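The lines below spell out each chain.
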Amino acid sequence: MSNNDMPLPQWEGIREFVAVAEQGSFTGAARWLKTSTAHISRQVQALEQRLGTVLLHRTTRKVSLTESGQQFWQQCRPLLDALAEAERALGQWQATPTGRLRITAPMSYGERHLAPLLNNFAARHPQLQLHYWLTNQTLDLVEQGYDLAIRVGPLQDSRLIAKRLASRRLFTCASPQYLASFGRPLTPSQLRQHHCLAGTLDHWRFAGDEVVAITPRLRANSGPALLDAALKGLGVAQLPDYYVAPMLQSGELEAVLKDYQPQDEGIWALYSHSLRASPKIRLLIDYLSERLVLP
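Residues numbered from 1 in each chain as written. Predicted model: local features only at pLDDT ≥ 70, side-chain atom pairs only at ≥ 80, totals over all residues. Heavy atoms only, no water.

## Notes on the overall build of the protein chain
Counting its secondary structure elements, the protein chain contains 10 helices and 14 strands. The C-alpha atoms of the protein chain give a radius of gyration of 31 Å, which is well past the 19 Å a tight globule of 295 residues would have. Reported as C-alpha extents along the three principal axes, the dimensions of the protein chain are approximately 100 × 35 × 35 Å. For the protein chain, the residues scored as buried account for 40% of the 295 residues in total. Taking the contacts inside the protein chain whose residues are at least 6 apart along the sequence as the reference set, 68% of them involve residues at least 24 apart. Here the protein chain displays about 17,100 Å² of accessible surface, and carbon together with sulfur accounts for 50% of that area. (Helix = DSSP H or I, 4+ residues; strand = E, 2+ residues; numbered from the N terminus. Rg over C-alpha atoms; globule rule 2.2 N^0.38 Å. Buried < 20%, exposed > 50% of the residue type's maximum accessible area, 1.4 Å probe, protein only. Contact = heavy atoms within 4.5 Å. Areas by Shrake-Rupley, 256 points an atom, 1.4 Å probe, with all protein chains shown as cover.)

## Focus on the pattern of salt bridges
Under the criterion given, the structure shown has 10 salt bridges. For K232, the salt bridge goes to D228, with nearest N and O atoms at 3.0 Å. For K232, a relative accessible area of 59% translates into the label exposed. With a relative accessible area of 35%, D228 lands in the partly exposed category. Overlapping salt bridges bring together E22, R77 and D81 as one network. (Salt bridge = Lys/Arg side-chain N within 4 Å of Asp/Glu carboxyl O.)

## Some thoughts on the nonpolar core
Ranked by internal contacts, the top residues of the largest apolar core, which has 41 residues, are L148, I150 and L288. Among all residues touching I150, those that are not within four sequence positions of it are I103, T104, A105, P106, Y109, L114, L165, I267, W268, A269 and L288. I14, V20, A29 and I40 belong to the second-largest nonpolar core, a separate cluster that totals 16 residues. (Core = buried A, V, L, I, M, F, W, Y, C linked by side-chain atoms within 4.5 Å.)

## Focus on helix α2 (residues 26-33)
For α2, every residue scored as buried is listed here: F26, G28, A29 and A30. On the buried face of α2, the contacting elements are α1 (14-23), α3 (37-51), β1 (56-58) and β2 (63-65). Sitting at the amino-terminal end of α2 is S25, which places a side-chain oxygen 2.9 Å from the backbone nitrogen of G28. Phi turns positive, to about 55 degrees, at K34, one or two residues after α2. (Polar contact = N/O pair within 3.5 Å; in protein donor to acceptor, adjacent residues only side chain to side chain.)

Quick look at the structure:
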């Protein structure tokens, strides 16, 4: 039989046997392991049958080790100690992430909202090497070696596990000066008669999954750039709340088409199925979820 064909060690009953040996009774072992005496007895009997030897002398007054039991206990105690140490070390590793963690996120959202949080996370965990790459390109996590992606809006890649971190709300808005000059669109289709300020998409979404194609007067792959253009009266923009909320509150921008407000979109953390149990991935996701609060 090859090494690969060898059966795995049989751990059933070992913890119970060691507890009886060290507590001196089945009742003490059950109390120590927080289980029933009957369970302890069944496990030890099954262990003795599997080993083909008697490990314990049982009398009505006490339980003691046989010669075989004494030898077996001496071998088992270091194994249980090593297992406890392995569990303790894993707990420390989970609480103190180490190694490299590679993240990709959208440029503008990453610069404004994620980068400060990621930098704070790196400061809290100095043993972690945190690498993040901000780009508006949709990178392939598996092929390009990223551990985590932050993406905004509808998701398309079903090969990845998605965890919703927060939500964003899109506002269609313009400056009061623009609206005074060109009027206020009353339906999404009327946007074709307006100067639109667009990002990378050729359409805007509205309630009821309505999609309106637009011909932009100005196009930029930067949220702050589009915000600046809208504030300067160059046209109508559709931007997330984390860009425009302060301006809507101050009156520098006005929301239009409020009755056609699109459904809130998700802000997602995506990662591979192979990393689903990674402690540092879970730790970062929990950290971001607690702090990505909408304005």
